[in-house]
Amino acid sequence: MQKERKLLIAGNWKMNKTAAEALDLVNGLRRELAAVKEVDLVVCPPFTALGHVSQAILDSNLRLGAQNMSEHTGGAYTGEISAAMLKEFSVRYVILGHSERRQYQKESDLLVANKALTAHAAAIKPIVCVGETLEQREAGITEKVVGDQVRGSLAGLSKDQIEETVIAYEPVWAIGTGRTATAEQAQEVHAFIRRILAGLFDEATARRIRIQYGGSVKPSNARELMSLPDVDGALVGGASLEVRSFSDIVKNSI
Ligand code: PGA
């Protein structure tokens, strides 16, 4: 399948896998996916496994991502992790503003935008997550919610920075529920996000930005979702925790 933008498929391991378990998983992925060139591949282990995974993927086609990062560059912020600390492990991507963090840690669009700026300053590519809840979808305000999140979470980014940013559309009602957005629902919101980006920047820039879909992506629905014109990859949670399911998602997307 020839796509306008190269697909980016990332595994968000969330709070799963000890360092030893992470090593098992990534070694399996490295073996299974060694021949894949058509898709950019990223694994996002928990912080405590970054060192091990970083070593394990040397000279491979897998890239490393983190699941969060501080907006500050250093100092008295107990429990936080800075961009420089991530860079030490060759982290290339960082997931920002995941709905779980927006919900449990009360992360705001402004905070996510500040984190994105901090990530760019360290040459780490942010994967900025947006998405509506079921309640919001049913109230017919999906575009308002997602539009506000996109504008707010990308505030202050330059054109160069936005081109090095990935957006992940993850409808909250589809995350970890087994309930995936239909192809039509996903394409509709992705196209909407691209229109917002065109307004914020310009058409040509908007066409270069990758927008991933996330929310119960699995081997059986990957092909259809990844073939949609404005879907440029996947952010995979549950199905990224096993070699077989993540590899099958990648292979079914090519
Ligand atoms: P899921 O999670 O694939 O388990 O639905 C996706 C995500 O939260 O990034």
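Residues numbered from 1 in each chain as written. Predicted model: local features only at pLDDT ≥ 70, side-chain atom pairs only at ≥ 80, totals over all residues. Heavy atoms only, no water.

Enquirer: Whenever I open this one, the overall build of the protein confuses me. Can you help?
Expert: Across its full length, the protein carries twelve helices and eight strands. Taking 18 Å as the expected radius of gyration for a compact globule of 254 residues, we find that the protein reaches 17 Å, a close match to that expectation. Its C-alpha atoms give the protein principal-axis dimensions of roughly 45 × 45 × 35 Å. Taking all 254 residues of the protein together, 54% fall into the buried category. (Helix = DSSP H or I, 4+ residues; strand = E, 2+ residues; numbered from the N terminus. Rg over C-alpha atoms; globule rule 2.2 N^0.38 Å. Buried < 20%, exposed > 50% of the residue type's maximum accessible area, 1.4 Å probe, protein only.)

Enquirer: Would you mind showing me how to read the site of the ligand here?
Expert: Taken together, the neighbourhood of the ligand is formed by 13 residues, with Lys-14, His-98, Glu-170, Gly-176 and Ser-216 sitting nearest. Residue His-98 places a side-chain N or O atom 2.6 Å away from an oxygen atom belonging to the ligand. The separation between an oxygen atom of the ligand and a polar main-chain atom of Ser-216 is 2.7 Å. Against a free-state accessible area of 280 Å², the protein chains account for coverage of 95% of the ligand. (Near = heavy atom within 4 Å. Polar contact = N/O pair within 3.5 Å; in protein donor to acceptor, adjacent residues only side chain to side chain. Areas by Shrake-Rupley, 256 points an atom, 1.4 Å probe, with all protein chains shown as cover.)

Enquirer: Help me understand unusual backbone geometry, please; the structure alone is not making it clear to me.
Expert: Peptide bonds are mostly trans, and most non-glycine residues show a negative phi. In the Ramachandran plot, Lys-17 falls in the positive-phi region, its phi being about 85° despite a non-glycine side chain. Within the fold, Lys-17 resides in the loop between β1 (7-12) and α1 (19-33). Using a relative accessible area of 25% as the deciding quantity, one classes Lys-17 as partly exposed. One non-glycine residue with positive phi stands out, namely Lys-106, at about 55°. Within the secondary structure, Lys-106 is located in the loop between α4 (99-104) and α5 (109-121).

Enquirer: How do you make sense of the packing of aromatic side chains when you look at a structure like this?
Expert: Any pair of aromatic rings gets described here by the distance separating the centres and the angle formed by the planes. One pass over the structure, following the stated rule, counts one aromatic pair. The ring of Tyr-93 carries the charged tip of Lys-125 above its face, separated from the ring centre by 5.9 Å. (Phe/Tyr/Trp six-rings, centres within 6.5 Å; stacked < 30°, edge-to-face > 60°. Lys NZ or Arg CZ within 6 Å of the ring centre and 35° of its normal.)

Enquirer: Explain helix α9 (residues 183-200) to me, please; I cannot follow it from the model alone.
Expert: Residues three or four positions apart in an α-helix share a direction because the helix packs 3.6 residues into each turn. If you check α9, its first and last C-alpha atoms are 26 Å apart, about what 18 residues at 1.5 Å a residue would give, namely 26 Å. All of the buried residues along α9 are Ala-183, Ala-186, Gln-187, Val-189, His-190, Ala-191, Phe-192, Ile-193, Arg-194, Ile-196, Leu-197 and Ala-198. (Expected span 1.5 Å × (residues − 1).)

Enquirer: Honestly, the sheet that holds strand β6 (residues 166-169) in this entry has me stumped. Any pointers?
Expert: The pairing of strands in a sheet comes from backbone hydrogen bonds and takes either a parallel or an antiparallel form. In spatial order, the strands read β1-β2-β3-β4-β5-β6-β7-β8; together these eight strands close into a barrel with parallel pairing. Strand after strand, the sheet turns through a mean of 25° between neighbouring axes, direction not considered. (Pairing = 2+ DSSP bridges. Axes fitted to C-alpha atoms, helices over the stretch in contact; angles between N-to-C directions.)

Enquirer: Is there a simple way to think about helix α7 (residues 142-153) in this case?
Expert: Spanning twelve residues, α7 covers 16 Å between terminal C-alpha atoms, matching the ideal 16 Å at 1.5 Å per step. Residues of α7 that are buried include every one of Thr-142, Val-145, Val-146, Gly-147, Gln-149, Val-150 and Ser-153, and no others. In this fold, the buried residues of α7 make contact with α4, α5, β5 (125-130), α6 (134-138), β6 and α9. (Contact = heavy atoms within 4.5 Å.)

Enquirer: Is there a simple way to explain the side chain of Ser-99 in this structure?
Expert: Positionally, Ser-99 belongs in helix α4. Among all residues touching Ser-99, those that are not within four sequence positions of it are Val-172 and Ile-175.

Enquirer: I keep staring at the pattern of salt bridges and nothing clicks. Help me out?
Expert: Where charged atoms of side chains with opposite charge meet at close range, the side chains can pair. Applying the stated criterion across every chain yields a total of 21 salt bridges. A salt bridge links Arg-101 to Glu-107, with the nearest nitrogen and oxygen atoms 2.7 Å apart. For the salt bridge of Asp-109 with Arg-102, the shortest nitrogen-to-oxygen distance reads 2.6 Å. One connected set of salt bridges, linked through shared partners, spans Glu-4, Arg-5, Arg-194, Arg-207, Asp-230 and Asp-232. (Salt bridge = Lys/Arg side-chain N within 4 Å of Asp/Glu carboxyl O.)

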